[in-house]
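What follows is the residue order along each chain.
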Amino acid sequence: MPTIKTIFSGIQPSGRLNIGNYIGAISQWVEMQSHYNCIFSVVDYHAITVKQDSEELRKRILEVTKIYLAAGIDPEKSIIFQQSAIPAHTELAWIFNCYGTHMSDLNKMTQFKDKSGKNQESVSVGLYDYPVLMAADILLYDTDIVPVGEDQKQHVELARDIARRFNNEFGDIFKIPQAVVRQEGAKIMSLLDPTRKMSKSDDNQNNCIALLDDVASAQKKIIRAVTDSGSEIVYDPLHKPAIANLLTIYAQLGNRQIKRLEKDYADKGYGDFKKDLADIVLKFLTDFQSKYNKISDNDAREILEDGRKKIEKIANGKMERVRKSIGVR
Ligand code: AMP
Ligand code: TRP
């Protein structure tokens, strides 16, 4: 019997999760949990790489957990846990800082460049080191596959490099993981600027549709979304990035094929298209939020605690091997 593969992924409890996070990451996870051993983390120690309000962070950790559950992550099939509850993550990150990671690796990371912008000298060291903690998350559990959005591929590449270098020095300790990115929907773009990613840290909330947005305002955001010149509804990301993005959202949330949508809207204009998409978004969010509202904070706490208990042993087992291999035990 072939062994069942392990999946690991996570989202930071910072900002408001949006349909980009759902389409690019979480919806993939839901499909995978019937076929693989799945581990999904609320990566709170990644969130603190930028300033967080402590009350707010505490709330967001439960919110993200409830979003996982409402989206269909089933704690009977998958492990859901809070990153900071397993100290092995930060311990392994420290070891990778010393073995396996070069300054030149981190200097190349585009997300660091984007997030630090002109403040490269004053942002936290944590923001710079963030991909190393992510590598520790992934490698600790002998992960085979990491389902993420497009923007995280470079970080998974680094995890592969770190694993290879560590194995070269100390033997076969880590599995080499692979990123898996959705063919369609790996990068949902902003509603007002289709050249930029829809991001949960965006200050202008009109760029994104949050999963917990008030449904009426979400509808308005779709109606106000920018469109391209011309009037045809065709999927052409290069020449019609705004319409291509809206078609992707429509297909993903409405469970339709883009080709089919192009045919259905062949004789219609942007106005009709956006009105229908606004209805699709309304239906999706209403359904999602009704599930979300049925889950209590206490349910979320219990699920995180169950998850911690389930994986603590795996993490500790791997750490013992790592500590021995580098000579601290
Ligand atoms: P983040 O919001 O950066 O914490 O990302 C959490 C997960 O959602 C990662 O797997 C990202 O790649 C994915 N993701 C974030 N924004 C988008 C987007 N606009 N489109 C598709 N996937 C996204
Ligand atoms: N860096 C990822 C993001 O912002 C979140 C993350 C942390 C992650 N650790 C991970 C994703 C491990 C996949 C696997 O989206």
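Keep in mind the model is a prediction, meaning the values are calculated, not measured.

Draft legend 1. Fine view of the site of ligand 2. Around ligand 2 there are 13 residues in total, and Q12, Y130, M134, D137 and Q152 lie nearest to it. Between ligand 2 and Y130 there is a distance of 2.7 Å, counted from an oxygen atom to a side-chain nitrogen or oxygen. Contact distances for ligand 2 include 2.6 Å between a nitrogen atom and a side-chain N or O atom of D137. If ligand 2 stood free it would expose 370 Å²; the protein chains cover 92% of that surface. Secondary-structure elements contributing two or more residues to the shell around ligand 2 are β1 (6-11) and α7 (125-139). Sorting elements by how many residues they give to the shell around ligand 2 places α7 first, with four residues.

Draft legend 2. Structural detail: the nonpolar core. Ranked by size, the top nonpolar core spans 60 residues in total, and within it I26, Y68 and L253 carry the most contacts. Once you skip the residues sitting within four places of it in the chain, L253 turns out to touch I19, Y22, I23, I280, V281 and F284. Core analysis: the next-biggest nonpolar cluster, separate from the first, contains 38 residues, M109, A136, V148 and L158 among them.

Draft legend 3. Spotlight on the packing of helix α9 (residues 215-224) against helix α12 (residues 270-293). Their axes nearest at 9 Å, the elements α9 and α12 cross at an angle of 155°. Considering their axes alone, α9 and α12 lie roughly antiparallel with respect to each other. Classified by chirality, the crossing of α12 by α9 is right-handed. Facing V215, A218, Q219, I222, I223 and R224 of α9, the residues of α12 in contact are K274, K275, L277, A278, D279, V281, L282, L285, T286 and Q289.

Rules and cut-offs
Residues numbered from 1 in each chain as written. Chains lettered and ligands numbered in written order. Predicted model: local features only at pLDDT ≥ 70, side-chain atom pairs only at ≥ 80, totals over all residues. Heavy atoms only, no water. Near = heavy atom within 4 Å. Polar contact = N/O pair within 3.5 Å; in protein donor to acceptor, adjacent residues only side chain to side chain. Areas by Shrake-Rupley, 256 points an atom, 1.4 Å probe, with all protein chains shown as cover. Helix = DSSP H or I, 4+ residues; strand = E, 2+ residues; numbered from the N terminus. Core = buried A, V, L, I, M, F, W, Y, C linked by side-chain atoms within 4.5 Å. Buried < 20%, exposed > 50% of the residue type's maximum accessible area, 1.4 Å probe, protein only. Contact = heavy atoms within 4.5 Å. Axes fitted to C-alpha atoms, helices over the stretch in contact; angles between N-to-C directions. Parallel < 35°, antiparallel > 145°, perpendicular 65-115°, else oblique. Left-handed = near helix turned anticlockwise from the far one by under 90°.

Purely geometric stuff here, so don't read any function into it on its own.
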